[in-house]
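# Observations on chain architecture
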Amino acid sequence: MSPRLLLTLLLLAPALAGCRYNFVPLIPPQIEVELPARITEASLRRAGQELELRARVEGRFEPGYLEVVWFDGSRELGRDSVYLDAAQREARFTLAAPAQGAYRAALSFGGTVLRQVELYEVRP
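Note that the coordinates shown come from a computational prediction; the quantities given were computed from them, not determined experimentally.

Non-glycine residue Glu41 carries a positive phi angle of around 55°. Summarising the element assignment, Glu41 is placed in strand E1 (residues 38–47). A residue is classified by how much of its surface remains accessible, and Glu41, at 59% relative accessible area, is exposed.

Encoded structure:
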C-alpha cells in the first residue's frame, strides 16, 4: 500500500468514526382497544311446548337490556328483554310454541343486533 494512501486513510479514520446511527425511533403510544359486547353460548331448543333461548354476554359493556325478537319464518311472534349488568351476564327467554316451525330469535344489545339463532323443525 502506498504511503500516501495510508496517510489519507489515517486522516479520514476519525471522520468515519463519527458516522453513527443518530435516529432514535419513536415508540408509538399504547392503543386502548375497546371491543364491543358479544354474545356467546347462545342456544335455541325446544323444551316441551316452549322454545327456550339461553345467551351469555361477554366483554365490557354498559348495563342495559338484552332484547330478543322471535320469528316463525318471516312472521314476528313476539319480543322480550332482560336487564343485564356486570353481575348478571346470562339471560334465559321462553316462548310458548306448541306447533313445530322454522323458528328464529334475533338478539340485540344497545340497539345493535349481535346474534341470530335458529331452530328448524320444518322446512322454511
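In this section: the environment of Tyr120. Tracing the sequence through the fold places Tyr120 in strand E7 (residues 112–120). Residue contacts for Tyr120: discarding those within four places in its chain leaves Gly101, Ala102 and Arg104. Here Glu118 takes part through its side chain, which lies 3.4 Å from a polar atom of the side chain of Tyr120.

A word on the sheet that holds strand E5 (residues 90–96). The antiparallel open sheet is built from three strands, whose spatial order is E1-E2-E5. A single partner strand is all that each edge strand has here, and the edge strands are E1 and E5. Within the sheet, the average angular offset between the axes of one strand and its neighbour, ignoring direction, is 15°. Across seven bridges, strand E2 (residues 50–58) lies against E5 in antiparallel orientation. The residue of E5 that forms the bridge with Glu52 is Thr94.

What follows deals with the packing of aromatic side chains. A complete count under the given rule lists two aromatic pairs for this structure. Summarising the aromatic geometry, the rings of Phe61 and Phe109 are spaced 5.1 Å apart at their centres and angled 85° between planes, so their arrangement reads as edge-to-face. Pair noted here: Phe61 is in the loop between E2 and strand E3 (64–72) and Phe109 is in strand E6 (residues 102–109), with a separation of 48 residues, a long-range link. You can call Phe61 buried: its relative accessible area is 18%. Between the aromatic rings of Tyr65 and Tyr83, the centroid separation amounts to 5.2 Å while the plane-to-plane angle is 70°, which identifies the pairing as edge-to-face. Placement of the pair is Tyr65 in strand E3 and Tyr83 in strand E4 (residues 75–84), with a sequence separation of 18 residues. Judged by its relative accessible area of 47%, Tyr65 is partly exposed. Just above the ring of Phe71 sits the side chain of Arg104; from NZ or CZ to the centre is 4.6 Å.

What counts, and at which threshold
- Every residue gets a number counted from 1 within its own chain, in the order that chain's sequence is written.
- Only residues with pLDDT of at least 70 are given local features in this predicted model, and only at 80 or more are side-chain atom pairs given and counted; all residues enter the totals for whole chains, interfaces and linings.
- The side-chain values count all of the structure's non-hydrogen atoms but skip hydrogen atoms and water molecules.
- Secondary structure elements follow DSSP: runs of H or I of four or more residues count as helices, runs of E of two or more count as strands, with numbering from the N terminus.
- Between buried and exposed lies partly exposed: a residue is buried under 20% and exposed over 50% of the maximum accessible area for its type, with that area taken using a 1.4 Å probe on protein chains only.
- The contact definition used throughout considers only heavy atoms, calling two residues in contact when any of these lie within 4.5 Å.
- In the analysis that follows, any N or O atom pair within 3.5 Å is treated as a polar contact, provided that within protein one partner can donate a hydrogen and the other can accept it, and provided that, for residues neighboring in sequence, both atoms belong to side chains.
- Pairing between strands is defined by DSSP: at least two bridges between them are needed.
- The axes used here are C-alpha line fits, helices contributing only the stretch in contact, and every angle between their N-to-C directions lies in the interval 0 to 180 degrees.
- Only Phe, Tyr and Trp rings take part, Trp by its six-membered ring, and two of them pair if their centres are within 6.5 Å. Stacked means planes under 30 degrees apart, edge-to-face means over 60, and tilted covers everything else.
- Remark: a charge is flagged as sitting over a ring if the NZ atom of Lys or the CZ atom of Arg is within 6 Å of the ring centre and within 35 degrees of the ring normal.

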